[in-house]
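Residue-level structural notes
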Amino acid sequence: MGNTFGRLFRVTTFGESHGGAVGVVIDGCPPRLSITLEAIQADLDRRRPGQSRITTQRKESDTAQILSGVQNGLSLGTPIAMLVRNEDQRSKDYDELREKYRPSHADFTYDQKYGIRAVEGGGRASARETVGRVAAGAVARAVLTAYGVEIVGWVEQVHQIRGVTDPSTVTRKQVDANIVRCPDSKAAEQMIAHIEEIRKAGDSVGGIVSCVARGVPAGWGEPVFDKLEADLGKGVLSLPACKGFEVGSGFTGVDFTGIEHNDEFFADDERQVSTFSNRSGGIQGGISNGMPIFIRAAFKPTATVMREQRTVTVSHENTTIQGRGRHDPCVLPRAVPMVEAMVALVLADHALLQSAIQMSS
Ligand SMILES: Cc1cc2nc3c(=O)[nH]c(=O)nc-3n(C[C@H](O)[C@H](O)[C@H](O)COP(=O)(O)O)c2cc1C
């Protein structure tokens, strides 16, 4: 249960961190869309471990294979299956974990739920599972490109260091100009130095990923339970280590009065409706209003730290555990393509849902 996401653009991910492979099956991708392995691989390379000195040094080439559903660079309308084989499997790093639960990991809860777990690397709870999501996100983007939608995510905050970025103009090129993926170059330098310091201290930090979707037309979203922000929230919060989600002004909206906060409407010369401000984050009543969709996601500090901490054994005796192995001191730079992928999956699903209910279009 719980491994399939979406209604019309439907993805099922599979695989454990140290099993044979991770991947995804997409059902519902429209036919005749341009899908290239290069585009999928480019997204996976942004997610890949070992990509810079501030990510985990675990070595995985993450080479994608398309097994079905695509021929000569075009989608067939049949299920698209994609696979990435796992390469770097150091199971001896994990011997102690058969006996002890790592603090703030999913070891204890998986045992409570299933009575069995894939111990190495966190199994299914590992961020390795998101390979399938990112590959599917690249396909979802092919759907969205047909609608003129563009998605850009970036690191807004690492621990207490905050960058300033204009969501209306930020580009992926600016985001990828540095290894922390923060387009504010001054803040980026501070973030990188801070992550390096934190790594040396055997500690970890979290932060915030922001993401904008530009070009979404008014009308996407299915009230009441499948409101656009509800689906975005579910998709983004299903990412490992994601603990907070906001749309538009989010929690900071409470600092305003209604007069200050409202997004007043105006019509341009072509009677195209926009709003002067965008505190709604492009969504009202669960439906896109044509303004850029703006969301933020908070990621916790990486659970594994190189320090002895208190825990319990699998037979519930008190003990301690020392963090070891290769880990991300801060998950934020690699979380950017994951957030973009989840936003793309939700929007592609809603694009198809909107087409399905408009009989004339
Ligand atoms: C991009 C990314 C990389 C991650 N890398 C690590 C890691 O190296 N070490 C670790 O302990 N947790 C890492 N995590 C987080 C864990 O997978 C996650 O915290 C854990 O499975 C518990 O789930 P929860 O935090 O969602 O409750 C990563 C998460 C993301 C999004």
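Everything numeric in this text was worked out from a predicted model, so none of it was measured. (Residues numbered from 1 in each chain as written. Predicted model: local features only at pLDDT ≥ 70, side-chain atom pairs only at ≥ 80, totals over all residues. Heavy atoms only, no water.)

1. Considerations on the site of the ligand
As a reminder, the rule being used: Any residue with a heavy atom lying within 4 Å of a molecule or strand is counted as near it. The definition of a polar contact used here is a pair of N or O atoms within 3.5 Å, where within protein one atom must be able to donate a hydrogen and the other to accept one, and adjacent residues in sequence count solely through side-chain atom pairs. To be clear on the numbers: accessible area is Shrake-Rupley with a 1.4 Å probe, and residue cover counts the displayed protein chains and nothing else. Each helix is a run of DSSP H or I of at least 4 residues and each strand a run of E of at least 2, with the numbering of both proceeding from the N terminus. In this count, Pro and Cys sit with the nonpolar residues alongside Ala, Val, Leu, Ile, Met, Phe, Trp and Tyr, while Asp, Glu, Lys and Arg are called charged and the others, Gly among them, polar.
Surveying the vicinity of the ligand reveals 17 residues, the closest of which are His 105, Lys 300, Thr 304, His 327 and Asp 328. At 2.7 Å from an oxygen atom of the ligand is found a side-chain nitrogen or oxygen belonging to Lys 300. Within the contact set of the ligand, an oxygen atom lies 2.7 Å away from a side-chain nitrogen or oxygen of Thr 304. Burial of the ligand by the surrounding chains reaches 87%, relative to a free accessible area of 630 Å². Ranked by residues supplied to the shell around the ligand, first place goes to helix α8 (residues 332-357) with three residues. Split by residue class, the shell around the ligand holds eight nonpolar, five polar and four charged.

2. With respect to the nonpolar core
To keep it simple, the criterion reads: Only buried residues count toward a nonpolar core, which is a set of Ala, Val, Leu, Ile, Met, Phe, Trp, Tyr and Cys residues joined through side-chain atoms within 4.5 Å. Burial classes: relative accessible area under 20% of the type maximum marks a residue as buried, over 50% as exposed, and values in between as partly exposed (1.4 Å probe, protein chains only).
Ranked by internal contacts, the top residues of the largest apolar core, which has 73 residues, are Phe 9, Ile 26, Phe 299, Val 343 and Leu 347. For this core, the element with the highest residue contribution is α8, accounting for 15 residues. Counting six residues, the second-largest nonpolar core is a separate cluster that includes Val 152, Trp 154, Val 175 and Phe 294.

3. Notes on the sheet that holds strand β16 (residues 293-299)
Selection rule: Each pair of strands is called paired provided DSSP finds at least two bridges between the two strands. Residues are treated as being in contact if the distance between any of their heavy atoms lies within 4.5 Å. Every axis in this analysis is a line fitted to C-alpha atoms, fitted for helices over the stretch in contact. Angles between the N-to-C directions lie between 0 and 180 degrees.
If you walk across this open sheet you meet the five strands as β9-β8-β10-β16-β11, and the pairing is antiparallel. One side of each edge strand has no neighbouring strand; the edge strands of this open sheet are β9 (161-162) and β11 (242-247). Each of β8 (150-158), β10 (207-214) and β16 touches α8; the most contacted strand, β8, lies at about 145° to it.

4. Here we look at the side chain of Asp 62
Among the secondary structure elements, Asp 62 is positioned in the loop between α1 (37-47) and β4 (64-68). Its relative accessible area of 0% is what places Asp 62 among the buried residues. At 3.3 Å, the side chain of Asp 62 and the side chain of Arg 47 are in polar contact. Residue contacts for Asp 62: discarding those within four places in its chain leaves Gln 41, Leu 44, Arg 47, Arg 48, Pro 49, Val 84, Arg 128 and Val 131.

5. Considerations on the environment of Gly 6
Here Gly 6 lies in the loop between β1 (4-5) and β2 (10-14). Exposure remark for Gly 6: the relative accessible area of 18% places this residue in the buried category. Considering only alpha carbons, one finds Gly 6 and Asp 231, 225 residues apart in sequence, at a separation of 8.9 Å.

6. Quick word on the pattern of salt bridges
Basically, it comes down to this: Think of a salt bridge as a Lys or Arg side-chain nitrogen and an Asp or Glu carboxyl oxygen that are within 4 Å of each other.
Throughout the structure, instances matching the rule amount to 27 salt bridges. Between Arg 7 and Asp 226 there is a salt bridge, with the nearest N and O atoms lying 2.9 Å from each other. In this pair, Arg 7 is assigned in the loop between β1 and β2 and Asp 226 in the loop between β10 and α6 (228-237), connecting sequence segments 219 residues apart. Here Asp 226 falls in the partly exposed class, since its relative accessible area comes to 30%. Measuring nitrogen to oxygen at the nearest pair gives 3.5 Å for the salt bridge that ties Glu 60 to Arg 128.

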